[in-house]
Amino acid sequence: MDIIWHSKSKQYNLYNDKISYIMGITPLGDLGSIYFGKRIHDKEDMSYVLNRFGLPNVAVDPDTESYSMELNRQEYPSFGITDFGTQAYEIELANGSRVSAFVYRDHKIFKGKHALKGLPATYADVNEAMTLEIYLEDETARMSLTLIYTIFDKYPVITRHVKFTNNGTEITKLTRALSVCIDLPNQDYEWMQFSGAWARERVPEVKKLSAGSVSIESKRGISSANQNPFVIVKRPKTDDFSGEAMGMSFVYSGNFLAQAECDTFGRLRLLMGINPDRFTWPLKKGESFETPEVVIAFTDEGLNYLSQTFHDLYNNNLVRGRWKNTPRPILLNNWEATFMDFDEDRILEIAKKAKEAGVELFVLDDGWFGNRNDDYSGLGDWIENPDKFPQGMAGLARKVNALGMKFGFWIEPEMVNPDSNLFRRHPEWILATPGRKSSLGRHQLVLDFSREEVVDYIYGMLKKVIENAPISYIKWDMNRSLTEVYSTELSADEQGMVYHKYVMGVYGLYERFRIDFPDILFESCSSGGNRYDAGMLYYAPQAWCSDNTDAIDRIRIQYGTSFGYPISSIGAHVSAVPNQQTGRNTSITTRANVACFGTFGYELDLNRISDEEFEEVKKQIIFMKENRELLQFGTFYRLRSPYKNDQAAWMVVSKDRKKAIFGLYCMRSNVNQLPGFIKLAGLKEDVKYKLKGEEYYGDELMYLGLKLAKLSSKALATGQDFISYVEILEAV
Ligand code: GLA
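Residues numbered from 1 in each chain as written. Predicted model: local features only at pLDDT ≥ 70, side-chain atom pairs only at ≥ 80, totals over all residues. Heavy atoms only, no water.

## As for the site of the ligand
Near the ligand you find 13 residues, and of these Asp-365, Asp-366, Arg-442, Lys-475 and Asp-547 are the closest. One of the side-chain nitrogen or oxygen atoms of Lys-475 is found 2.7 Å away from an oxygen atom of the ligand. Asp-547 is positioned such that a nitrogen or oxygen atom in its side chain is 2.5 Å from an oxygen atom of the ligand. A class-by-class count of the residues in the shell around the ligand yields 4 nonpolar, 3 polar and 6 charged. (Near = heavy atom within 4 Å. Polar contact = N/O pair within 3.5 Å; in protein donor to acceptor, adjacent residues only side chain to side chain. Nonpolar A, V, L, I, M, F, W, Y, C, P; charged D, E, K, R; others polar.)

Right under this line is the structure:
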């Protein structure tokens, strides 16, 4: 890994063993893209890549009379001079002008990586990464711009973000400030997005790119289940095992935009950042705005490798603290077992049985506080309900501890019910537009987290509960989209700041909890997977993946999630049947076989399953305790897509490749078929592996494949819906 500055040709080359990222200063003094992709040789001068000629109907620079931005690939383009593509940023000056031109002034190259103020971001020590900061200036606008690039040593990854500063005396408005633009020389790509909705999150959707734009976005104030802030741009032939692809992951949890634009000269422009819609950031004299970070990975080794890159990077260089690279406790959450209908006795009855099964952590979900017996009231009143818990949270937590389990609980700090003491006392603390009704979502309103005093108050309330009880885990929920967004604290000119300030408020609160209670394991949640993004992972190393706990639907949801996020982050539980969301019946085996490729836990009353099932649960927990490190942190391979086949398969391989765990799921039986083979991955070719008592060479399993009848000839031959197998492979 290195970052080279060729001062004569004014060219930068950021490279490691796998990738090169090359750019240069153009005749206009701004930054032009030269190359991004598989590692190539460093060369003093590659400025031949720039086009220094005009074409009919193209506007050119008046000084050079031959150079047009439109004919050259940009690093961070603006609109209004000679580039007509989608701009990465826009500033509006006091005189109303919206044209800007930043030119190169200086740069700095250093080892390691700086943190972003108040924002989540990947981190790296001096041996892990190098950073380049390029300083540009627009004299007319009296603004400076810093383009910040980090290259990682071990990963085919570049991170990027930018920072604007107003050096003038008048207020300048930032009306668009994306984090990244990548211009590529051709368009032969497919765009892959992860779309969905509540209970059917992150469905991979692929479309061929062609003239014009494709984009996804969120305007909900959260990253959303509807579109995930992670996209892949791949060659049409690229699959999980081979081919070129690029992944872009936004380390941010609010409104976003991701876009691909094919221009008339056969080029592709990729953009990602805060959604410019509803964003305006006025900068006063001396003020700066720093955008969140985008992580960009490139591979020519297929989508599994691309995903593994994000998994490893996020496990090693995004997740922080006590739970980093640490196997996660097996928990039991009472939500689907009781909803809000419980008292201490009922909770302890469930907890005792959980302990008997081997569960390590008991999680008390929604309904423990205020007057919270249903969705309609109590949110915001973070005081234990004495009718349910006579000795408060502390009393319950101690009793759970005495059983031999850790204790955690649920919060939804960003919300308030109109029927709550908090709202009655502070109706002005919600996001609401003057003169308009406030829409409800799940009967609740959104607190104005752009206001410090609101965040402070919530922190104070929750801190008391946490300090008084032995708390090991917190599930932080967020159950509605933002509407009528307006903050009474801000002036008319500042209303475009609210969405981002809200997200900063959430991050600020998370950070305070993290610092004050460093041992607590946080799990983020947003009606399941409505805020499943890299930003959240910086604070909460795991996320409740979906409110849909049906094992068969979960195969798809977890499969889709695995493209951009590590298995260690995927909150997955075994729940009761018939499943509460789908009505489907699956065996306790299959439910656990899906959940074990995740953080693993239970979300049912173990008193209400059969004795045989309970015996099986005990074995599942033993299996998980023995294998969770491999399952959560091993190298994960998608083998067969649940979207394209009636059987899905995946596996994890240990870093030394001596052990692997394989999962096969039959989603729909097929009559009169041969059981067929499935090719495994990631094994050592010349090592023999033992699987179900038989030995196979690694190459045999990877190239011939595993004959599925070897798993269970009877079940697979007769065909049964929803059967599944999880098998261990061990090097002999
Ligand atoms: C959301 C979460 C659930 C549960 C409920 C509680 O829907 O996704 O897991 O915590 O809230 O109200």
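## Comments concerning the packing of aromatic side chains
One pass over the structure, following the stated rule, counts 48 aromatic pairs. The side chain of Arg-322 reaches across the aromatic face of Trp-323, ending 4.1 Å from its centre. Between the NZ or CZ atom of Lys-353 and the centre of the ring of Phe-614, over which it lies, the distance is 4.1 Å. (Phe/Tyr/Trp six-rings, centres within 6.5 Å; stacked < 30°, edge-to-face > 60°. Lys NZ or Arg CZ within 6 Å of the ring centre and 35° of its normal.)

## Notes on the layout of surface pockets
Vacant regions in the atomic arrangement are exposed by a probe of water-molecule size rolled over the atoms. Taken as a whole, the largest pocket holds about 930 Å³ of empty space. When residues of the lining of the largest pocket are traced back to their parent elements, those giving at least two are β7 (129-138), β8 (143-152), β9 (157-166), β19 (288-290), α6 (452-468) and α7 (498-516). The element best represented in the lining of the largest pocket is α7, accounting for 9 residues. In the lining of the largest pocket, the residues fall into 13 nonpolar, 13 polar and 15 charged. Computed from the structure, the second largest pocket encloses a volume of approximately 500 Å³. Looking at the lining of the second largest pocket, the elements with two or more residues in it are β12 (200-208), β32 (635-640) and α12 (698-704). For the lining of the second largest pocket, the element with the highest residue contribution is β12, accounting for 3 residues. A per-class count over the lining of the second largest pocket returns 14 nonpolar, 3 polar and 7 charged. (1 Å grid on protein atoms, 1.4 Å probe; cavity = no way out; pocket = protein on both sides within 12 Å on 5 of 7 lines; lining within 4 Å. Points joined across faces, edges and corners; volume = space filled by probe spheres on them. Helix = DSSP H or I, 4+ residues; strand = E, 2+ residues; numbered from the N terminus.)

## Considerations on the nonpolar core
Here is a general trend for soluble globular proteins: nonpolar side chains tend to be buried in one another's company. Residues Phe-164, Leu-364, Phe-409 and Tyr-602 are the most contacted members of the largest nonpolar core, which totals 202 residues. For this core, the element with the highest residue contribution is α7, accounting for 9 residues. Among the domains, domain 1 (2-317) and domain 2 (647-731) are the pair contributing at least three residues each to this core. Excluding anything up to four places from it in sequence, Phe-409 contacts Val-363, Leu-364, Trp-368, Met-393, Val-465, Ile-466, Ile-471, Tyr-473, Ile-474 and Lys-475. Among the nonpolar cores identified, the runner-up in size contains 24 residues, and Ala-649, Leu-680, Leu-691 and Leu-708 belong to it. (Core = buried A, V, L, I, M, F, W, Y, C linked by side-chain atoms within 4.5 Å. Buried < 20%, exposed > 50% of the residue type's maximum accessible area, 1.4 Å probe, protein only. Domains from an automatic or database assignment. Contact = heavy atoms within 4.5 Å.)

## Things to note about empty space enclosed by the protein
Counted by the stated rule, this structure contains 4 cavities of 30 Å³ or more. Of the pockets and cavities examined, the largest cavity occupies roughly 100 Å³. The wall of the largest cavity is formed by 15 residues, among which Arg-320, Arg-514, Ile-520, Tyr-539 and Pro-541 lie closest to the centre. Classifying every residue of the lining of the largest cavity gives 11 nonpolar, 1 polar and 3 charged.

## As for the side chain of Asp-381
Mapped onto the elements, Asp-381 comes out in the loop between β22 (361-364) and α4 (392-403). Separated by 3.0 Å, the side chain of Asp-381 and the backbone nitrogen of Leu-422 make a polar contact. If sequence neighbours within four positions are ignored, Asp-381 has contacts with Phe-369, Gly-370, Ser-420, Asn-421, Leu-422 and Met-461.

## Points about the sheet that holds strand β37 (residues 694-697)
If you walk across this open sheet you meet the 6 strands as β32-β33-β34-β39-β36-β37, and the pairing is antiparallel. The open sheet has two edge strands with one neighbour each: β32 and β37. Direction aside, neighbouring strands of the sheet carry axes that sit 25 degrees apart on average. Both strand β33 (residues 647-653) and strand β34 (residues 659-666) contribute to a ladder of 7 bridges, which runs antiparallel. Across the sheet, Ala-649 pairs through a bridge with Leu-664, a residue of β34. Across the face of the sheet, helix α9 (residues 551-561) comes into contact with β32, β33 and β34 while running at roughly 50 degrees to β33. Packed on one face of the sheet, helix α11 (residues 611-633) meets β32, β33, β34 and β39 (724-731) and runs near 95 degrees to β34. (Pairing = 2+ DSSP bridges. Axes fitted to C-alpha atoms, helices over the stretch in contact; angles between N-to-C directions.)

## Some details on the confidence of the model for the protein
Scored by pLDDT, the protein comes out at a mean of 97, with 99% of its residues at no less than 70. Mean pLDDT values over the elements of the protein span from 63, in helix α13 (residues 713-718), up to 99, in strand β14 (residues 230-234). (pLDDT = per-residue confidence, 0-100.)

## Re the side chain of Ser-218
Its place among the elements puts Ser-218 in strand β13 (residues 212-218). The exposure class assigned to Ser-218 is buried, which follows from its relative accessible area of 2%. Within the structure, Ser-218 has its side chain in polar contact with the backbone oxygen of Ile-222 (distance 2.5 Å). Residues within four places of Ser-218 in sequence aside, it is in contact with Ser-223, Ser-224, Gly-254, Asn-255, Phe-256 and Asn-275.

## A closer look at the packing of helix α3 (residues 344-357) against α4
One way to put it is that α3 packs onto α4 with a least axis distance of 10 Å and a crossing angle of 20 degrees. Overall, the two elements α3 and α4 adopt an arrangement that is roughly parallel. Between α3 and α4 lies a crossing whose hand is right-handed. On α4, the residues that touch Glu-344, Ile-347, Leu-348, Ala-351, Lys-352 and Lys-355 of α3 are Gly-395, Leu-396, Lys-399, Val-400 and Leu-403. Tallied by class, the residues present in the contact of α3 with α4 amount to 6 nonpolar, 1 polar and 4 charged. (Parallel < 35°, antiparallel > 145°, perpendicular 65-115°, else oblique. Left-handed = near helix turned anticlockwise from the far one by under 90°.)

## Considering α11
With 23 residues, α11 extends 32 Å between its outermost C-alpha atoms, agreeing within 8% with the 33 Å of an ideal straight helix rising 1.5 Å per residue. Along α11, the sharpest kink reaches roughly 65 degrees, centred on Asn-627. Among the residues of α11, those classed as buried are Phe-614, Val-617, Gln-620, Ile-621, Met-624, Asn-627, Arg-628, Leu-630, Leu-631, Gln-632 and Phe-633. (Expected span 1.5 Å × (residues − 1). Bend = angle between axes of the 7 residues up to and from the residue.)

## Description of the domain arrangement of the protein
Segmentation of the protein into domains returns domain 1 (2-317) and domain 2 (647-731). One C-alpha centre belongs to domain 1, the other to domain 2; they are set 41 Å apart.

## Regarding the sheet that holds strand β28 (residues 542-544)
Adjacent strands of a sheet form backbone hydrogen bonds with each other and so pair up, either parallel or antiparallel. Strand order across the open sheet formed by 9 strands is β29-β28-β27-β26-β23-β22-β21-β31-β30, with parallel pairing between neighbours. Single-partner strands in this sheet number two, and they are β29 (570-571) and β30 (573-575). Both strand β23 (residues 406-411) and strand β26 (residues 473-476) contribute to a ladder of 4 bridges, which runs parallel. Paired with Gly-408 across the strands is Tyr-473, a residue of β26. Contacting β26 and β27 (521-524), α7 crosses the sheet at an angle of about 175 degrees to β26.

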